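Read off the chains here:
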Amino acid sequence: MSRIQLVLVALAAIGLAAFAGVTPAAARDYPWCAQGGEYDYPGECAYSTYEQCQASVSGRLLFCDRNPRFAYGPDRPPQPPPHRRARAVAPY
């Protein structure tokens, strides 16, 4: 009986060690999203090319658009504010 318990404990330890070594998949933002229908914003963003997205949405009442996290994410340099000329205000 103790031999069976030892084998079960050893198998459980091996299973836990294997499970602990698994790292989560790296999240990646793809540049194209299928939008509309059953998808909330920004949609199903799983397409590397516009053509892949178009093939997926064909016949599904969906459309393809840029992934906002990819297009406007933190990797892009910030845009300078537009130059505005100040108007002179007449004193009262």
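All values reported here derive from a predicted model rather than from experimental measurement.

Q: Quick rundown of the state of the cysteines? Include the residues and the values.
A: Scanning all chains against the criterion turns up 2 disulfides. Each sulfur in the disulfide pair Cys-53 and Cys-64 lies 2.1 Å from the other. Looking down the S-S bond of the Cys-53 and Cys-64 bridge, the torsion is -105°, so its handedness is left-handed. Of this pair, Cys-53 sits in helix α2 (residues 50-57) while Cys-64 sits in strand β3 (residues 63-66), and the two are 11 residues apart along the sequence. Each member of the pair, Cys-53 as well as Cys-64, is classed as buried. Across the protein chain, the way the bonded cysteines pair up, counted in sequence order, is 1-2, 3-4.

Q: Give a detailed account of the packing of aromatic side chains, specifying residues and quantitative values.
A: Within the structure shown, the criterion is met by 1 aromatic pair. Taking 4.9 Å as the distance between ring centres and 65° as the angle between the ring planes, the aromatic pair formed by Trp-32 and Tyr-50 counts as edge-to-face. Taken together, the positions of Trp-32 in strand β1 (residues 32-36) and Tyr-50 in helix α2 put the pair 18 residues apart, joining distant regions of the chain. Stacked on the ring of Trp-32, the Lys or Arg Arg-66 has its end atom at 4.9 Å from the ring centre.

Q: Go over the side chain of Asn-67 with me, naming the residues and quoting the values.
A: Locating Asn-67 in the fold gives a position in the loop between β3 and α3 (68-71). Only 2.8 Å separates the side chain of Asn-67 from the backbone oxygen of Tyr-30, close enough to count as a polar contact. Sequence-distant contacts of Asn-67, defined by excluding residues within four places in its chain, comprise Asp-29, Tyr-30, Pro-31, Trp-32, Cys-33 and Cys-45.

Q: So what's going on with unusual backbone geometry? Residues and values would help.
A: Cis geometry marks the peptide bond from Tyr-41 to Pro-42, where omega comes out at 10°. Within the secondary structure layout, Pro-42 lies in strand β2 (residues 39-47).

Q: Describe the nonpolar core, listing the residues and the values that go with them.
A: Trp-32, Ala-34, Tyr-47, Cys-53, Val-57, Leu-62 and Cys-64 together form the largest nonpolar core, which totals 7 residues. Listing elements by their share of this core, those giving two or more residues are β1 and α2.

Reading guide: rules and limits
- Residues numbered from 1 in each chain as written.
- Predicted model: local features only at pLDDT ≥ 70, side-chain atom pairs only at ≥ 80, totals over all residues.
- Heavy atoms only, no water.
- Disulfide = S-S within 2.5 Å.
- Helix = DSSP H or I, 4+ residues; strand = E, 2+ residues; numbered from the N terminus.
- Buried < 20%, exposed > 50% of the residue type's maximum accessible area, 1.4 Å probe, protein only.
- Phe/Tyr/Trp six-rings, centres within 6.5 Å; stacked < 30°, edge-to-face > 60°.
- Lys NZ or Arg CZ within 6 Å of the ring centre and 35° of its normal.
- Polar contact = N/O pair within 3.5 Å; in protein donor to acceptor, adjacent residues only side chain to side chain.
- Contact = heavy atoms within 4.5 Å.
- Core = buried A, V, L, I, M, F, W, Y, C linked by side-chain atoms within 4.5 Å.

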